Amino acid sequence: MDRPQGTRPGRNAFRCFATESLSEIAVLVNSCGGKMGHAVAEAAVKRGLTLIPYSFTGNREEGNIVSCEGVRVELREPEEWDATLEDVKKMYPNFIVVDYTLPAAVNGNANYYAKNKLPFVMGTTGGDRDMLMSTARDSGVYAVIAPQMGKQVVALQASIEDMATRFPGAFSGYKLKVVESHQSSKVDTSGTAKAIVSSFKKLGLDFDESKIEKVRHRVEQHERMGVPVEYVDGHAFHTYTLTSPDDTVCIEFKHNVCGRSIYAQGTIDAVIFLSDRIRAGADKKIYNMFDVLESGKMT
């Protein structure tokens, strides 16, 4: 049974890697015209991976070609995907797909990757996550699927999950308030917030995901959440407040991220990790960022 991002493997569970030059790892980053996809594509080039000069997209409103650290990437619409895929397979027989598209496209894209036996890293949040996991598992493809790619935030998430495992019910009776702020283009509730709430519930907190407060207005993000003006179009500020029944104790967990580099770097770590697992012929096929952290395969 595949382990969700909320449980951890044993220490050193993934310490053995097949070695390869980073330039041998070819990556197809979809939606390079989007901010997150573009950031990942540039991070791939900077880390020495081979960026495939094509990108699957839902539309080309942003143009036909984008430049990613000097690599000209052609954007291809759905009706062009099949033909482009055949060309890519011939030129890069062992490539990995990275998906940073839209929540509404998650399941359709996963179906496409599964049908074509393409290993993938799914960084897009939203969609039907149970269906996503089922699609990947049933297809037999290798994949890293995680709502959060920022390694340091994942480490915090793992720590809270460990606390929940070791001290279940420790916060029984406490009240929980969750506020998350992201750029206005993020339409769904943060998958990271949902995952951390799941851990808090194991600690005894009674909280429904529908109560997670989303802040998407620029003025409120700056004035209330403290987001620097230059990052209102690219940030992730989360605050989890736990208050005792009599309001005499207040404990806060907070992680504030400006920009996208933390996610881009974590995504490239996931690609390298997945490439190693494929080359090693690992029996386990579906992974998350806890697995990547445990492997130590990061820079």
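Refer to the structure presented above.
Treat the numbers as computed from the prediction; the structure is a model and nothing was measured.

Participant: What is the right way to look at the overall build of the protein in this model?
Facilitator: On a plain count of helices and strands, the protein comes out with 9 helices and 13 strands. With the C-alpha coordinates of the protein rotated into their principal frame, the extents come out at 65 × 45 × 30 Å. Buried positions account for 52% of the 299 residues belonging to the protein. Accessible area of the protein: about 13,600 Å², with a carbon and sulfur share of 50%.

Participant: How do you make sense of the sheet that holds strand 10 (residues 213-215) when you look at a structure like this?
Facilitator: Paired through backbone hydrogen bonds, the strands of a sheet run either parallel or antiparallel to each other. Taking strand neighbours across the sheet as the criterion, the 4 strands line up as 10-9-11-12 in an open arrangement whose pairing is mixed. Lying at the two open borders of the sheet, with one neighbouring strand each, are strand 10 and strand 12 (250-258). Across the sheet, the mean angle from the axis of one strand to that of its neighbour is 10°, orientation sign disregarded. Where strand 9 (residues 175-182) meets strand 10, 3 bridges bridge the pair, whose relative direction is parallel. Across the sheet, Glu180 pairs through a bridge with Lys214, a residue of strand 10. Of the strands in this sheet, strand 9, strand 11 (235-243) and strand 12 are in contact with helix 6 (residues 191-202), which crosses strand 11 at around 20°.

Participant: Even after reading the chapter, I still don't get the sheet that holds strand 3 (residues 54-56), so can you show me in this structure?
Facilitator: Pairing is mixed in the open sheet, where 3 strands are placed in the order 3-5-4. Looking along the sheet, the strands with just one partner apiece sit at the ends: strand 3 and strand 4 (65-68). Ignoring which end each strand starts from, the neighbouring axes of this sheet average 35° apart. Taken together, the 3 bridges between strand 3 and strand 5 (residues 71-76) define a ladder with parallel strand orientation. Looking at the pairing, Ser55 lines up with Leu75 of strand 5. Against the sheet, helix 1 (residues 35-47) engages strand 4 and strand 5, with an angle of about 45° to strand 4. Strands strand 3 and strand 5 of the sheet are contacted by helix 2 (residues 78-91), whose axis makes an angle of about 140° with strand 3.

Participant: Hey, could you run me through helix 8 (residues 261-280) in this one?
Facilitator: Because an α-helix packs 3.6 residues into every turn, residues spaced three or four apart end up facing the same way. Along its 20 residues, helix 8 runs 29 Å from first to last C-alpha, staying within 8% of the 28 Å computed at 1.5 Å per residue. Where burial is concerned, most of helix 8 is hidden: 14 out of the 20 residues are buried. Of the residues one or two after helix 8, Gly281 is the one with positive phi, at around 65°.

Participant: Could you clarify how one ought to interpret the pairing of strand 6 (residues 95-99) in this entry?
Facilitator: Within a regular strand, side chains alternate between the sheet's two faces. Counting buried positions along strand 6 yields 5 of 5 residues, so the element is predominantly enclosed. Residues Phe95, Val97 and Asp99 point to one face of strand 6 and Ile96 and Val98 to the other, with burial holding for every one of them. Direction of pairing for strand 1 (residues 26-30) relative to strand 6: parallel, over a ladder of 5 bridges. Its bridge partner being in strand 6, Asn30 is matched across the sheet by Asp99. Looking at chain direction, strand 6 and strand 7 (residues 120-122) are connected through 3 bridges and run parallel. The partner of Asp99 across the bridge, within strand 7, is Met122. The β-α-β motif built from strand 6, the intervening helix 3 (residues 106-115) and the parallel element strand 7 has right-handed crossover chirality.

Participant: Whenever I open this one, the packing of helix 3 against helix 4 (residues 129-139) confuses me. Can you help?
Facilitator: For any two helices packed against each other, one specifies the crossing angle of their axes together with the interaxial distance. The N-to-C vectors of helix 3 and helix 4 enclose an angle of 0°; their axes lie 9 Å apart at closest approach. Compared by their axis directions, helix 3 and helix 4 come out roughly parallel. Residues Val106, Asn107, Ala110, Asn111 and Ala114 of helix 3 pack against Arg129, Met131, Leu132, Thr135 and Ser139 of helix 4. In terms of residue class, the contact of helix 3 with helix 4 is made up of 5 nonpolar, 4 polar and 1 charged.

Participant: Looking at this model, I keep getting lost on the packing of aromatic side chains. Mind explaining?
Facilitator: What describes a pair of aromatic rings is the distance from one ring centre to the other and the angle between the planes of the rings. Taken as a whole, this structure holds 8 aromatic pairs when the rule is applied. Aromatic ring contacts, followed pair by pair, group Phe56, Trp81 and Tyr112 into a single cluster. The lysine or arginine in question, Lys284, covers the ring of Tyr287, its NZ or CZ lying 5.3 Å from the ring centre. The side chain of Lys285 reaches across the aromatic face of Tyr142, ending 4.9 Å from its centre.

Rules used throughout
Residues numbered from 1 in each chain as written. Predicted model: local features only at pLDDT ≥ 70, side-chain atom pairs only at ≥ 80, totals over all residues. Heavy atoms only, no water. Helix = DSSP H or I, 4+ residues; strand = E, 2+ residues; numbered from the N terminus. Buried < 20%, exposed > 50% of the residue type's maximum accessible area, 1.4 Å probe, protein only. Areas by Shrake-Rupley, 256 points an atom, 1.4 Å probe, with all protein chains shown as cover. Pairing = 2+ DSSP bridges. Axes fitted to C-alpha atoms, helices over the stretch in contact; angles between N-to-C directions. Contact = heavy atoms within 4.5 Å. Expected span 1.5 Å × (residues − 1). Right-handed = clockwise from strand over helix to strand, strands pointing away. Parallel < 35°, antiparallel > 145°, perpendicular 65-115°, else oblique. Nonpolar A, V, L, I, M, F, W, Y, C, P; charged D, E, K, R; others polar. Phe/Tyr/Trp six-rings, centres within 6.5 Å; stacked < 30°, edge-to-face > 60°. Lys NZ or Arg CZ within 6 Å of the ring centre and 35° of its normal.

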